[in-house]
Amino acid sequence: MLKNILIAEDHQSINISVQKTLSDLGATNVAHVYYCDDALKMIRKSPFGEPFNLLITDIYFDDDSNKQAIPDGIELIKAAKQILPELKVLAFSAEGRPMVIERLFNQLNIDGYVRKARNDSQELKIALESIFKGRRHFASHLRNAIKQTNSYDFSELDITIISLLSCGMRQKDIPVYLQQNNFKPSGLSSVEKRLTRIKEVLEFSNNEQLVAFCKDMGLI
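Let me begin by describing the structure that accompanies this report. (Residues numbered from 1 in each chain as written. Predicted model: local features only at pLDDT ≥ 70, side-chain atom pairs only at ≥ 80, totals over all residues. Heavy atoms only, no water.)

1. Observations concerning the environment of lysine 45
Link 1 in the chain: Tracing the sequence through the fold places lysine 45 in the loop between helix 2 (36-44) and strand 3 (54-57).
Link 2 in the chain: Note: C-alpha distance between lysine 45 and tyrosine 152 (107 residues apart in sequence) is 46 Å. (Helix = DSSP H or I, 4+ residues; strand = E, 2+ residues; numbered from the N terminus.)

Structure representation (structure tokens):
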């Protein structure tokens, strides 16, 4: 069991719910805040006399009249780990795009992620139990979604072409943009072949499905 736990969550009802979940698991030294700046102040000087072991934080915080130097959970995690490099982090957020979540693991080295959704209380318990035992928590449905995305290695050119399609640009007009911005290859035939290859690998039948997939995955 991790001894000192900090919750950073701006919605009061969710903050209370996380506190209840921790209490059910037997956690005692639990502090909570609603702003990222307050979280960092507490990380610098723990009210328990010992450093925090675990930070549970949302990723996105609503703006209000109380302006913050640290605007969101991502920046909070970065700042917290500079102070406490061994601090374990569980992100609890409504973010559902697998590629965004994967970057939290790969770039910020978080220890677990739980999406706010139906039955999130149960998954939160499972995640906390895993982290308490020294394991990372990566839900199986997220693993499967990321595996599907990674079945094709998207290049910068791929992302640019799909982004242009998502903005409503006609496929036949894309080569002009690519030429103007020094992308190669930029011919219409190359664009068509590239899109066909991606759709074959991901088993999509049209560009609309591909664009929707990339949006859902957080690629565009």
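2. Observations concerning the environment of isoleucine 43
Link 1 in the chain: Note that isoleucine 43 resides in helix 2.
Link 2 in the chain: Between the alpha carbons of isoleucine 43 and lysine 3 there is a distance of 14 Å; along the sequence they are 40 residues apart.
Link 3 in the chain: Discounting residues that sit within four places of it in the chain, isoleucine 43 has contacts with Leu6, Phe52, Ala80, Ile83, Leu84 and Leu87. (Contact = heavy atoms within 4.5 Å.)

3. Looking at the state of the cysteines
Link 1 in the chain: Tallying each qualifying case throughout the model produces zero disulfides.
Link 2 in the chain: Cysteine cysteine 214 is unpaired, with the sulfur of cysteine 167 as its nearest cysteine sulfur at 13 Å. (Disulfide = S-S within 2.5 Å.)

4. Description of the packing of aromatic side chains
For any pair of aromatic rings, the description consists of the separation of the ring centres together with the inter-plane angle of the planes.
Link 1 in the chain: In the structure shown here, the tally under the stated rule is three aromatic pairs.
Link 2 in the chain: Judged by centre distance (5.7 Å) and plane angle (75 degrees), the rings of phenylalanine 48 and phenylalanine 52 are edge-to-face.
Link 3 in the chain: For phenylalanine 48, a relative accessible area of 28% translates into the label partly exposed.
Link 4 in the chain: Ring plane angle 5 degrees and centroid distance 4.3 Å describe the contact between phenylalanine 105 and phenylalanine 138, whose orientation is recorded as stacked. Note that phenylalanine 105 is positioned in helix 4 (residues 98-108) and phenylalanine 138 in the loop between helix 5 (120-132) and helix 6 (140-149), a separation of 33 residues in sequence. (Phe/Tyr/Trp six-rings, centres within 6.5 Å; stacked < 30°, edge-to-face > 60°. Buried < 20%, exposed > 50% of the residue type's maximum accessible area, 1.4 Å probe, protein only.)

5. Some thoughts on the pattern of salt bridges
Link 1 in the chain: What the rule picks out here adds up to nine salt bridges.
Link 2 in the chain: In this structure, lysine 125 and aspartate 24 form a salt bridge, with 4.0 Å as the shortest nitrogen-oxygen distance. Of this pair, lysine 125 sits in helix 5 while aspartate 24 sits in helix 1 (residues 12-24); the two residues are 101 residues apart in sequence, bridging distant segments of the chain.
Link 3 in the chain: When its relative accessible area of 26% is taken as the criterion, lysine 125 is described as partly exposed.
Link 4 in the chain: Of the residues examined, aspartate 24 reaches a relative accessible area of 43% and is grouped as partly exposed. (Salt bridge = Lys/Arg side-chain N within 4 Å of Asp/Glu carboxyl O.)

6. So, the layout of surface pockets
Over the atoms rolls a probe the size of a water molecule, and in doing so it shows where empty space is left.
Link 1 in the chain: Estimates place the volume of the largest pocket at around 220 Å³.
Link 2 in the chain: Contributing to the lining of the largest pocket are 13 residues, with Asp62, Asp63, Asp64, Asn66 and Gln68 lying nearest its centre.
Link 3 in the chain: Within the lining of the largest pocket, the residues separate by chemical class into six nonpolar, two polar and five charged. (1 Å grid on protein atoms, 1.4 Å probe; cavity = no way out; pocket = protein on both sides within 12 Å on 5 of 7 lines; lining within 4 Å. Points joined across faces, edges and corners; volume = space filled by probe spheres on them. Nonpolar A, V, L, I, M, F, W, Y, C, P; charged D, E, K, R; others polar.)

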